[in-house]
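One letter stands for each residue in the lines below.
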Amino acid sequence: MTTQMVTQQEANAVAHLSVVHFEEVRRRARAVADAHWGKRVSYSRKVFIPLTTYCRNTCGYCTFYKVPGQAGARYMSPDEVLDVARKGERLGCKEALFSLGEKPELRFAEARDALASLGYGRTIDYLRDMCALVLRETSLIPHINAGTASVEDLLALKAVSGSMGMMLENVSRRLTSVGQVHHACPDKTPVQRLRTLEAAGKAGVPFTTGILIGIGETWEERVQSLAAIDAVHRRYGHIQEVIVQNFRAKPGTPMAAHPEPSRDDMERTLALARLLLSPEISLQAPPNLEERFESYLDCGINDWGGISPLTLDHINPERAWPAVAELAQRSAAQGYPLQERLTVYPRYLNPDEGERFLDPQLVPVLSALAGQNGMAKEQVLS
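Engineer: What should I look at first to understand the overall build of the chain in this one?
Structural biologist: Helix and strand counts for the chain stand at 12 helices and 9 strands. A compact globule built from 382 residues would reach a C-alpha radius of gyration of about 21 Å, and the chain, at 20 Å, matches this within 12%. With the C-alpha coordinates aligned to their principal axes, the bounding extent of the chain is approximately 60 × 50 × 40 Å. Burial statistics for the chain: of 382 residues in total, 58% are counted as buried. Taking the contacts inside the chain whose residues are at least 6 apart along the sequence as the reference set, 76% of them involve residues at least 24 apart. Here the chain displays about 14,900 Å² of accessible surface, and carbon together with sulfur accounts for 53% of that area. Within the chain, the 45 negative side-chain charges are centred at a point lying 1 Å from the centre of the 43 positive side-chain charges.

In structure tokens form, the structure reads like this:
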């Protein structure tokens, strides 16, 4: 293995290395992260705004989506969106993460009726206006997780957001077959997810993506998924961060009894990702899905993702965020002081990159929140 790159053959071997040999892989992964990101780990202070829980996909692990008639199936109103954003602003948040189900109006009459009552025909158009509302009325910068989208829709959303994201999850078509996690999920087909990553590159959007491990994929399919992400980044330079997220079983879902990946499995995947991905891509792992999350720092991560002092992780509501002060203490004990970042990573804020990746109207807003190093000017670590 080289310090910053592995072949797919070498990557495939990581899963089977002895503990002793894996320690060498871990050391190299951490060396890559330290060389590019320094001895620090970051987080983004945000609120989560679940704009709609309707979704036309029915992933086997998900409790976020609701079907018509089910408790919690709804669209948030503009007043509700603004109320969450303003409360977060008072708590020092700088990012508003919009999460939502994908294109529910294409499946449910109830979703179409709810949208019509708000004055819209498409969820993505309502989303754009709610982001504009947050930008206009607060200091928060929207980050959008809208799922699959066209270049045209991404360009429209770019005007009202600092960054966007969509989990690739996995490139395996096998996982869309009968009995698998993504069966009958039209927006989870690998070709649709990869087209959206391409579209985000063409639109010049600072983008977050990632893989979800433990959902029935093979190790080789994880390697292929990370390689696909890196390939599109090398074409467009727009993947600002990759999340490696571990599946957690939830009661009431088809995968309630499915085994969860171990911490060792997660650590091996993180080290693999750091060595397989371009070093300028931030590597992130959620701290609320593992009790001993600080061990991830030894595997090459440099970011903990979004932490909210106000709202739940609506995708994993049973898993509370660690308090930011605790996150800071446990990170520092590993030798990595915590720093707060913005929704856009520093390299996209420099003039050369910003001209391509940020809407001109967003540049002064983001610049006002950023310090000289591109991280949050006002650091909130409690």
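Engineer: Can you help me understand the pairing of strand β8 (residues 303-307) in this one?
Structural biologist: The side chains of a regular strand alternate, residue by residue, between the two faces of the sheet. When you tally the buried positions in β8, you get 5 out of 5 residues, the bulk of the element. Two strands pair when backbone bridges link them, and strand β1 (residues 41-52) and β8 are joined in this way by 3 bridges, in the parallel orientation. Its bridge partner lying in β8, S42 is registered against D303.

Engineer: In this structure, what is going on with the packing of helix α3 (residues 78-90) against helix α5 (residues 123-137)? I would like to understand it.
Structural biologist: For any two helices packed against each other, one specifies the crossing angle of their axes together with the interaxial distance. Interhelical geometry of α3 versus α5 gives an angle of 40° and a closest axis separation of 10 Å. Relative to α5, α3 is oriented oblique. The hand of the α3/α5 crossing is right-handed. Of the residues in α5, those in contact with P78, V81, L82, A85 and R86 of α3 are Y126, M130, L133, V134 and E137. Classifying every residue of the contact of α3 with α5 gives 8 nonpolar, no polar and 2 charged.

Engineer: Would you mind showing me how to read unusual backbone geometry here?
Structural biologist: The phi angle of most residues is negative, glycine excepted, and most peptide bonds adopt the trans form. Of note in this structure, E169 is not a glycine but carries a positive phi near 75°. Positive phi outside glycine occurs at A184, with the angle close to 60°. Inspection of the secondary structure puts A184 in the loop between β4 (163-165) and α7 (190-203).

About the thresholds
Residues numbered from 1 in each chain as written. Predicted model: local features only at pLDDT ≥ 70, side-chain atom pairs only at ≥ 80, totals over all residues. Heavy atoms only, no water. Helix = DSSP H or I, 4+ residues; strand = E, 2+ residues; numbered from the N terminus. Rg over C-alpha atoms; globule rule 2.2 N^0.38 Å. Buried < 20%, exposed > 50% of the residue type's maximum accessible area, 1.4 Å probe, protein only. Contact = heavy atoms within 4.5 Å. Areas by Shrake-Rupley, 256 points an atom, 1.4 Å probe, with all protein chains shown as cover. Lys, Arg positive; Asp, Glu negative; His and termini not counted. Charge placed at Lys NZ, Arg CZ, Asp CG, Glu CD. Pairing = 2+ DSSP bridges. Axes fitted to C-alpha atoms, helices over the stretch in contact; angles between N-to-C directions. Parallel < 35°, antiparallel > 145°, perpendicular 65-115°, else oblique. Left-handed = near helix turned anticlockwise from the far one by under 90°. Nonpolar A, V, L, I, M, F, W, Y, C, P; charged D, E, K, R; others polar.

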